[in-house]
Amino acid sequence: QVQLVESGGDSVQAGGSLRLSCVASRSTYCMAWFRQSPGKEREGVASIDYYGVLSYADSVKGRFTISRDHFKNTLYLQMNTLQPEDTALYSCAADGGSDCEWRRLHGRFDYWGQGTQVTVSS
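Residues numbered from 1 in each chain as written. Predicted model: local features only at pLDDT ≥ 70, side-chain atom pairs only at ≥ 80, totals over all residues. Heavy atoms only, no water.

**Side note on the packing of aromatic side chains**
Point 1. Enumeration according to the criterion identifies 5 aromatic pairs in this entry.
Point 2. Ring geometry for Tyr29 against Tyr51: centres 6.0 Å apart, planes inclined by 70°, an arrangement best described as edge-to-face. Of this pair, Tyr29 sits in the loop between β3 (18-24) and β4 (30-36) while Tyr51 sits in the loop between β5 (43-49) and β6 (54-56); the two residues are 22 residues apart in sequence, bridging distant segments of the chain.
Point 3. Tyr29 sits in the partly exposed class, given a relative accessible area of 26%. (Phe/Tyr/Trp six-rings, centres within 6.5 Å; stacked < 30°, edge-to-face > 60°. Helix = DSSP H or I, 4+ residues; strand = E, 2+ residues; numbered from the N terminus. Buried < 20%, exposed > 50% of the residue type's maximum accessible area, 1.4 Å probe, protein only.)

**Brief notes about the environment of Gln117**
Point 1. Here Gln117 is to be found in strand β11 (residues 116-121).
Point 2. For the pair Gln117 and Leu20, spaced 97 residues apart in the sequence, the C-alpha separation amounts to 9.9 Å.
Point 3. Within the local environment of Gln117, its side chain forms a polar contact with the side chain of Thr119, the two groups lying 3.5 Å apart. (Polar contact = N/O pair within 3.5 Å; in protein donor to acceptor, adjacent residues only side chain to side chain.)

**Points about the sheet that holds strand β8 (residues 74-79)**
Point 1. Spatial ordering of the open sheet is given by β1-β3-β8-β7, a layout of 4 strands whose pairing is antiparallel. Pairing within the sheet leaves two strands with one partner each, and these edge strands are β1 (4-7) and β7 (64-69). For this sheet, the mean angle separating the axes of adjacent strands, direction not counted, is 15°.
Point 2. With 6 bridges connecting them, β7 and β8 associate as antiparallel partners. Considered in β8, the bridge of Ser67 is made with Tyr76. (Pairing = 2+ DSSP bridges. Axes fitted to C-alpha atoms, helices over the stretch in contact; angles between N-to-C directions.)

**As for the state of the cysteines**
Point 1. Considering all chains together, one arrives at 2 disulfides under this definition.
Point 2. Residue pairing for Cys22: its cysteine sulfur links by disulfide to Cys92, the two sulfurs lying 2.1 Å apart. Between Cys22 and Cys92 the sulfur-sulfur dihedral comes to about -75°; the bridge is accordingly left-handed. With Cys22 in strand β3 and Cys92 in strand β9 (residues 88-95), the pair connects residues that are 70 residues apart, well separated along the chain. As far as burial versus exposure is concerned, Cys22 and Cys92 are alike and both buried.
Point 3. The residue that forms a disulfide with Cys30 is Cys100, at a sulfur-sulfur distance of 1.8 Å. Disulfide Cys30-Cys100: the torsion about the S-S bond is 90°, which places it as right-handed. Of the two residues, Cys30 sits in strand β4 while Cys100 sits in helix α1 (residues 100-106), which places them 70 residues apart along the sequence. As far as the burial class goes, Cys30 and Cys100 line up, both buried.
Point 4. Counting its disulfide-bonded cysteines in sequence order, the protein shows a connectivity of 1-3, 2-4. (Disulfide = S-S within 2.5 Å.)

Here it is, written out as C-alpha cells:
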C-alpha cells in the first residue's frame, strides 16, 4: 500500500501562485496530480515518471510545473498565474506501472490522496 498526503492548497487571487506537496509513504514509478471541481470531470493535470519524463494537460501547460524529490518521497506542483478556472480539489496519485502519460489521461492509478482545495478568486 501507498499512503499519500497532500498539502499546500489555499485561497488566492487570480494571478497568484501556490505550491502543492504530496508526501508518499514509499516510492512509486509514476506520480500525478489530478483536479476535480463541481460539475466537471476529473482532469489529469500533470504526471512525472521515475526518470523525470513529464506530461501536462493543455489547460495548465506553461503555468504549472510538476516535480519530485526521490529522497523525500515527495511530489510537487508549482502553480503560477492561477485563474478562477483552476479552482478545484487537487489530488495526488501514484502507481507502480509504467506509461505515466497514459495513466494520467485515463485516470488509471492504484493509489490516491484525499486532496487539497485550491480556490482562485477574480
